[in-house]
Structures are given as structure tokens and as C-alpha cells.
Amino acid sequence: MPSFKNLIKVHQYQEDIKKSTFIGVCFPIDSIAAFEHHLSRYHDPQATHNCWAYRLSEQYRFNDDGEPAGTAGMPILAAIDGAGFDAVGALVIRYYGGIKLGTGGLARAYGGVIAKNLQTAPYEWHVPKSIIQLKVPFAHSQNVHALSQQYEGEVQEEKFHSEGANMRVIVPDNHLTDFKTSLKNASKGQITFLKTLK
């Protein structure tokens, strides 16, 4: 079973709480640089606060941007983790409306805006995959293509040489063993497995 969700595209959610406007922006990231790029693109220098957090596997950071410590960035991160997402950045832009929310109210507002955002955001389940490098005789290259499709994988690279082709195939981990067994059977052991990469 896949363990976490990947956001497919940028998603926004807005809510007014006691006259303050909170705009939550969530975006997919694959690096810290990607997070910083999105943050600089969406943050509003005219806003009262631009609070944020990101989760990228074991790496995470958050920022309260002038709100009382622990009332903004950490609840945003908790909302990301609570919704089961990874590789995502989240920014909450707040325009202050004159009524103080208190520390509990702030934490609920910042965390809640991102939680509601991610409830309706488009996502796909992350599927762990492996890359297999193969040495394939000419006679069996079609078997590799057919079996890759059968096991929800794809041939990423095919380099021909005098004896056949070196092929690189990516396959979901949950199909890896069956894929290898089927290749061995189809080629009667003539396909050489060079290495498997995560």
C-alpha cells in the first residue's frame, strides 16, 4: 500500500476568520530550491503575515513570520502530515482584520486553512518504484516492452548494440518480483539482469 500522497498541482483555499482573511496555497515540490521558488512567487509583501511550512521526506521546516511562536508554521506542518502528504510546501497569507484570535485561535486558523485546502486538493498516491537495467538479446526486446506494460512499468531507455539492447525499465516495487520471474520465463533465462536501483 502506498504510504503517502503527492499533490498534483498548486491548490488554493481561502477563508475569513473574525475579519482576517487567510489564503492557503499548497504546491508540489521536489527540492528545497523548488519550495523557495514557489514561496517567492506566491507570498504577498502587502500581507500582514506570510507563514509557511514544507515536508520533503525527512526534511521539513516552518516559519511563523512574526506570529507568536508555534501558532502558525508548526500547525501548517501538522496539517500537511495529518493529511498524509509528502513533497509539498504550504503558505498561508494572512490579512489582519483588527480582531485578535489568541494563540489557540491562530493555531486553529493556520492549521485549519491548510487541512481544508488538502482535503480538496488533487493528489495521487506515491508508488515506490525500482529501476532495472537489463541486457536483452534482439529476440526478446518485445517481451520486455509487453511485460513492462503488463506490470504497470515502462521502458525508459533502449540502447542497441551488436548482441541486442541494454534496456532500463522502471517498475512498481509491488510488481518487481513477478516482473523479473516473467522475464526469465519468457526469455528462457537469456535476459541478463545487470542491476536494480531504488
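Placed above this text is the structure.
The text that follows walks through the structure, step by step, so that each part is easy to find. All values reported here derive from a predicted model rather than from experimental measurement.

Notes on the packing of helix H2 (residues 73-82) against helix H3 (residues 102-120)
Logical step 1: Two elements in contact, H2 and H3, have axes whose closest approach is 8 Å; the angle formed by their N-to-C orientations is 30°. Classed by the angle they form, the pair H2 and H3 counts as roughly parallel. At the point where H2 passes H3, the crossing takes the right-handed sense. Contact with H2, carried on its side by Pro75, Ile76, Ala79 and Ile80, involves Ala107, Tyr110, Gly111, Ile114, Ala115 and Leu118 of H3 and no other residues of that element.

Observations concerning the pattern of salt bridges
Logical step 1: All chains considered together, the criterion is met by four salt bridges.
Logical step 2: The shortest N-O distance in the salt bridge between Lys116 and Glu15 comes to 3.1 Å. Residue Lys116 is found in helix H3, and its partner Glu15 is found in strand S2 (residues 11-17); the two are separated by 101 residues along the sequence.
Logical step 3: The partly exposed category is assigned to Lys116, whose relative accessible area is 33%.
Logical step 4: Salt-bridge contacts for Lys135 lead to Glu163; the nearest nitrogen and oxygen are separated by 3.4 Å. Separated by 28 residues along the polypeptide, Lys135 in strand S9 (residues 129-137) and Glu163 in the loop between strand S10 (154-161) and strand S11 (164-172) bring together distant segments of the chain.

Considering the side chain of Ser20
Logical step 1: Relative to the helices and strands, Ser20 resides in strand S3 (residues 20-28).
Logical step 2: Relative accessible area serves as the criterion here: at 0%, Ser20 is assigned to the buried category.
Logical step 3: A polar contact of 3.1 Å, which involves the side chain of Ser20, links it to the side chain of Arg94.
Logical step 4: A distance of 3.0 Å separates the side chain of Ser20 from the backbone nitrogen of Gly97, its partner in a polar contact.

Here we look at the sheet that holds strand S1 (residues 5-7)
Logical step 1: What the three strands build is an open sheet, ordered S6-S1-S8; its pairing is mixed. The sheet is open, and its two edges are formed by strand S6 (85-86) and strand S8 (123-125), each paired on a single side.
Logical step 2: Note that S1 and S8 share three bridges and pair antiparallel. Within S8, the position partnered with Lys5 by the bridge is Trp125.

Definitions and cut-offs
- Residues numbered from 1 in each chain as written.
- Predicted model: local features only at pLDDT ≥ 70, side-chain atom pairs only at ≥ 80, totals over all residues.
- Heavy atoms only, no water.
- Axes fitted to C-alpha atoms, helices over the stretch in contact; angles between N-to-C directions.
- Helix = DSSP H or I, 4+ residues; strand = E, 2+ residues; numbered from the N terminus.
- Parallel < 35°, antiparallel > 145°, perpendicular 65-115°, else oblique.
- Left-handed = near helix turned anticlockwise from the far one by under 90°.
- Contact = heavy atoms within 4.5 Å.
- Salt bridge = Lys/Arg side-chain N within 4 Å of Asp/Glu carboxyl O.
- Buried < 20%, exposed > 50% of the residue type's maximum accessible area, 1.4 Å probe, protein only.
- Polar contact = N/O pair within 3.5 Å; in protein donor to acceptor, adjacent residues only side chain to side chain.
- Pairing = 2+ DSSP bridges.

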